[in-house]
Amino acid sequence: MKNIFYILILLPACLYANPHYKNSRDSLFLNSQNVVDTTFQNTSIDSLAVSDSVKTDDDLDGVIIATAKDSLTFNVAKKKMYLYGTGNITYKESELSSGFIDVDFTTNDVKAEGRKDTTGGTEKIVETPVLKDGGETYEGARLKYNFKSKKGFISMAKNKMDEVRYEGEKVKKVDKDTYFIEDGIYTTCNADTPHTHFSAQQMKVIAKDKIIAKWIFMYIGGVPLPIPIPFAVFPTESGRRSGIIIPSYGTTADQGQFFRNFGYYWAISDYLDFSLTGDYYTRGGYGIAGRTRYAKRYSFYGNVYGKYSKSFTGEYGDPDRTENKYWTLNVNHQQTINPTTNLSVNLNFSSTDYYRANSFNMDDLLKQYITSNATLNKRWEESGNSMSISYSRTQSLQDGDFTEYLPTFNFNKSFEYPFRNESATDRELKWYEYIGYNYSGKFNNKRVKTGSNLNVRGGIEHDLSISASPKVGYFTISPSISYSEKWYNKRILKEYSYNDSTGNDGVIVIDSAGTLITKDKKEINSVRTFSLSVSASTKIYGMMPINNFGIDAFRHTVTPSISYSYQPDFSTKFWNYYDNAYGRFGEQERYDKFSQEIFGGVGSGQSQSLNFRVGNIFEVKTLKNPTDTTSEAKKYTLLNLDFGVSYNFAADSLKFSEPYISARNQIGEYVSLDSRASFSLYDYENNRTVNKFLYKQGKGLLRLTNFSVSLSSTLSGEKLSGSKAVKDKQKEGEQGDEEAQFKSSDYIALYDEQPPDFEIPWSLVLGFYYNYNKSNPNHTYELMTLNLSGSVSISEKWKLTLRGTYDFQTHQISAPQITINRDLHCWEMNFSWNPLGRYRGFNFEIRMKAPELRDIKVTKTQGQGLYSGIR
């Protein structure tokens, strides 16, 4: 059996100069047959030690570890070492393995080549050199390398870095990070024979940065494209790199041929980048877009995106020629100023038709509104108080109308008990120590644009609540007083206007009908209201032991509560919140002077109601696994069932509200069910509810007026199987939100489409909604829809996705879409087809999968709306 030799060389030149070297001669210079190697027998070790006693600049300054499977020999006179049979040398970050290795310690040069193997009657080269240096791996037929200068030469070289690979007939390493390659290829395909690669006679490689080449031919399936690329720069490492963004091209029905997303990407730093792109259409149209992103770990991150585009249809001078302009501006900023202060900004502004003309996303195309929000939150840990300043805006994409609040200021004081002794326990508290209060203040300024009209309303609201919650036996009694005060700088004023006219005969025609007009009156006013309430509640538990079928027990929790509330009639003359408009013919209109203000008016009528509610929670507790001492019992909620009704003492009729029953259920993590039914105690006559109880009319006790049920579920084969991939994703999700958000914003591709996950065998997102309305017993209104989005991996490389909404009443499918994805190894194919509706058409695309080459693609679109017009 062959021996394996290990040798550790510390500062080789010093090793040769060691005066005790001769004493270790017999053990150190044995060959593979335990015989002294004759290479050393005619060498004068003492003279060598004297001549080499001074260390030169060329000496290595680290530890070399050498191993050889067959033999390892030294030539002391020439300062050389030879390794035969699976030799391996490690020095600092460099590691070399080969069938034969020749090391020259005088020049620090290493030569390596494979060995011949004639096993099986055929001669072949095996154990070819493999050099690992600085995290990169180089393979070749022959290698020459200098450990000190990091320069070298490799023939028939192969190199792989992450997902990038380049090869060459000859590779010359001129410094630590720079290589020159003759007759080289570059590819991101990991197949032994790449499906797609780029070849060039001359290539320059800068490690962990880029590959520069000229006159490049692109090969697909081994066949070169006829037209070469004069010059190209390929990144060799994933992440952001400054450079030109290659445009996509194709054809649309309206705008003809196009070039999209042509521009430049600038990676300014690790925390900031910027991209500028443009679109051009041969039949008329262009667009320009810019985006900048920034991030500072554990502090803030965000992006700003804007686009302006213009499209033309028809020829110049044509009467039907049209010109359309589209624009959008999006700002997103998330910042943690300190542990108690954070800022969140998400602003979206756009022209009404921007998404219809520029987006391929179905969700964007079906949008009716876009919203903007910005909030600065501050809280004080010791007191529990909090404050926020916010901005919000909702814009209609149909007509451009919007509603915005600029700004909104909120302050909340947490509940405080001024009479409580903090050291006392609950049983030691006096009745007055349960009394507490809280306060909230709000300032709002509301702007509503409707057509060309802009209505502005502002105000300040103060809310103060005083309550207590002592326990009396098994009941919790909670009396409370609520006070609200609203400050306005406007109110409405209603007046009758008459349009008298003079006829042709000179007779004045009197307008007897008149018109009631409403206008604003600037005036400082306060609106003060209050209400009183008292409630009582308790909890009743019921337990039923099962001890079978894996169930320990069944528990039923009943939470009955009853409350009484009172609010006076603030529409009376005493409070002066209502006014009257008088006409010249005795007309009279009574109105709330503050009904159009931002916090509303006071309403009319006294409110004095008794509310009754019963909550039910049904749960089961599982048994512990008797064979597993670490197992624990688990609790599952089967059903939440609520019942409620109220009675208004102050109402002149129909004092009972509609009783209701609601049910909620979460079946594991897969299915969510929510339903509600409401009833009426009163009869219905002449198209209205009348003050006659059904049981007195012989029509039963209750009449169903409305029933609704909503069911949603998200399932996937991966989730049900509990695969390792799911667990890994869950583990990743356990990281802090800020950390995950920073990582997601650190290196984001220019295009945000998410590639399909072929590892998930199937997935299903189901949403079912049903509503039955019979407020009028003579007419029934039903609505039943099914929202479905499902995908299935037909094979390892094919994936099919279906989505759409089915209306059971109209028997129509809304917004159906069929998507087919095909994994072509280093390429991917995506086909989307909308067979029906406004956005019917298809989009077909084939592009390279590598992030740095995703701009290389072929696109074909045809259809209406979604697949036509400017993008």
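Position labels on residues start from 1 in each chain and follow its written sequence. Local features in this predicted model are restricted to residues whose pLDDT is 70 or higher, and side-chain atom pairs enter the listing and the counts only when it is 80 or higher, whereas totals over whole chains, interfaces and linings include all residues. Values reported for side chains reflect all heavy atoms of the structure, with hydrogen atoms and water molecules removed beforehand.

### What to know about the environment of G700
For clarity, the cut-off: A run of H or I in DSSP becomes a helix once it reaches four residues, and a run of E becomes a strand once it reaches two; helices and strands are each numbered from the N terminus. In this analysis, two residues are considered to be in contact whenever any of their non-hydrogen atoms come within 4.5 Å of each other.
Residue position: G700 is located in the loop between β46 (688-693) and β47 (703-716). With near-sequence residues (within four places) excluded, G700 lies in contact with L694 and Y695.

### Thoughts on the confidence of the model for the chain
Basically, it comes down to this: Here pLDDT means the predictor's own confidence in every residue, given as a number from 0 to 100.
Residue-level pLDDT values for the chain average 80, and 82% of them are 70 or greater. This model gives residues 1-57 a pLDDT under 50, and the stretch forms 89 contacts once residues within four places in sequence are excluded. Segment residues 723-752 is flagged for pLDDT under 50; beyond a separation of four residues in sequence, or across chains, it makes 40 contacts in the model.

### Focus on a nonpolar patch on the surface
Counted only if it meets this: Grouping into patches uses exposed residues only, defined as over 30% relative accessible area, and leaves out salt-bridged ones; the cut-off is 9 Å for like charges and 5 Å for nonpolar side chains (Val, Leu, Ile, Met, Phe, Trp, Tyr). All accessibility values rest on the Shrake-Rupley procedure with a 1.4 Å probe; residue burial counts only the protein chains present in the view. We count a salt bridge whenever a side-chain nitrogen from Lys or Arg sits within 4 Å of a carboxyl oxygen from Asp or Glu. The classification of residues rests on relative accessible area computed with a 1.4 Å probe and restricted to protein chains. Under 20% of the type maximum is buried, over 50% is exposed, and intermediate values are partly exposed.
Side chains of I244, F262, Y264, W266, I268, F274, L276, Y286, I288, Y308, W327 and L329 sit close together on the surface and give an oily, nonpolar patch of about 1,100 Å² of accessible area. Where the nonpolar patch is concerned, the elements lending two or more residues are β21 (256-269), β22 (272-281), β23 (285-296) and β25 (322-338). Among the elements that line the nonpolar patch, the one with the most residues is β21, at four residues. Within the secondary structure, Y264 sits in strand β21. Taking the relative accessible area as the measure of exposure, Y264 reaches 41% and is therefore partly exposed.

### Some points on the nonpolar core
Let me state the cut-off plainly: Here, nonpolar core refers to any group of buried Ala, Val, Leu, Ile, Met, Phe, Trp, Tyr and Cys residues whose side-chain atoms link them within 4.5 Å.
Within the largest apolar cluster, 46 residues are counted, with the highest numbers of intra-cluster contacts made by M81, L83 and I89. Apart from the residues within four sequence positions on either side, I89 is in contact with I64, I65, A66, M81, L83, S94, E95, L96, I101, V103 and F147.

### Some remarks on the pairing of strand β51 (residues 812-824)
Put simply, the rule reads: The rule for pairing is simple: two strands pair if DSSP sees at least two bridges between them.
Where strand β50 (residues 798-807) meets β51, nine bridges bridge the pair, whose relative direction is antiparallel. Bridge pairing links R803 to Q817 in β51. Counting the residues between successive antiparallel strands, the hairpin from β50 to β51 contains four residues, one of them, H811, with a positive phi of roughly 55°. Pairing of β51 with strand β52 (residues 827-834) involves seven bridges; the strand directions are antiparallel. Note that in β52 the partner of N821 across the bridge is N830. In this antiparallel pair of consecutive strands, β51 and β52, the connection spans two residues, and H825 shows a positive phi of 70°.

### Side note on the packing of aromatic side chains
Any pair of aromatic rings gets described here by the distance separating the centres and the angle formed by the planes. Worth spelling out the cut-off: By convention, a stacked pair of Phe, Tyr or Trp rings (six-membered ring in the case of Trp) has centres within 6.5 Å and planes under 30 degrees apart, an edge-to-face pair has planes over 60 apart, and any other such pair is tilted. Here, a charge over a ring means that NZ of Lys or CZ of Arg falls within 6 Å of the ring centre while also lying within 35 degrees of the ring normal.
By the definition in use, this model includes 25 aromatic pairs. Pairing Y498 with F585 gives two aromatic rings, centres 5.8 Å apart and planes at 80°, and the pair type is edge-to-face. Of this pair, Y498 sits in the loop between β33 (475-497) and β34 (501-502) while F585 sits in the loop between β39 (578-582) and β40 (588-592), placing them 87 residues apart in sequence. Through a chain of ring-to-ring contacts, the aromatic side chains of Y564, Y647, F649, F656, Y682, F693 and Y695 assemble into a single cluster. R420 extends its terminal NZ or CZ atom over the ring of Y417, reaching a point 4.0 Å from the ring centre. Sitting over the face of the ring of Y498, R584 holds its NZ or CZ atom 4.0 Å from the ring centroid.

### Describing the pattern of salt bridges
Tallying each qualifying case throughout the model produces 24 salt bridges. Taking the shortest distance from any N to any O, the salt bridge between K449 and D401 comes out at 3.9 Å. With K449 in strand β30 (residues 436-450) and D401 in the loop between β28 (386-396) and β29 (402-416), this residue pair connects regions lying 48 residues apart in the sequence. Overall, the relative accessible area of 26% leaves K449 in the partly exposed class. Salt bridges here are not isolated pairs; linked through shared partners, they connect R393, E404 and R447.

### What to know about unusual backbone geometry
Of all residues except glycine, most have a negative phi; of all peptide bonds, most are trans. Residue L406 is joined to P407 through a cis peptide bond whose omega torsion reads -10°. Within the secondary structure, P407 sits in strand β29. Look at T86: it is not a glycine, yet its phi comes out positive at around 50°. Along the chain, T86 falls in strand β4 (residues 80-91). Although it is not a glycine, W215 adopts a positive phi angle of roughly 50°. Relative to the helices and strands, W215 resides in strand β16 (residues 210-220). W215 gets classed as exposed once you look at its relative accessible area, which sits at 52%.

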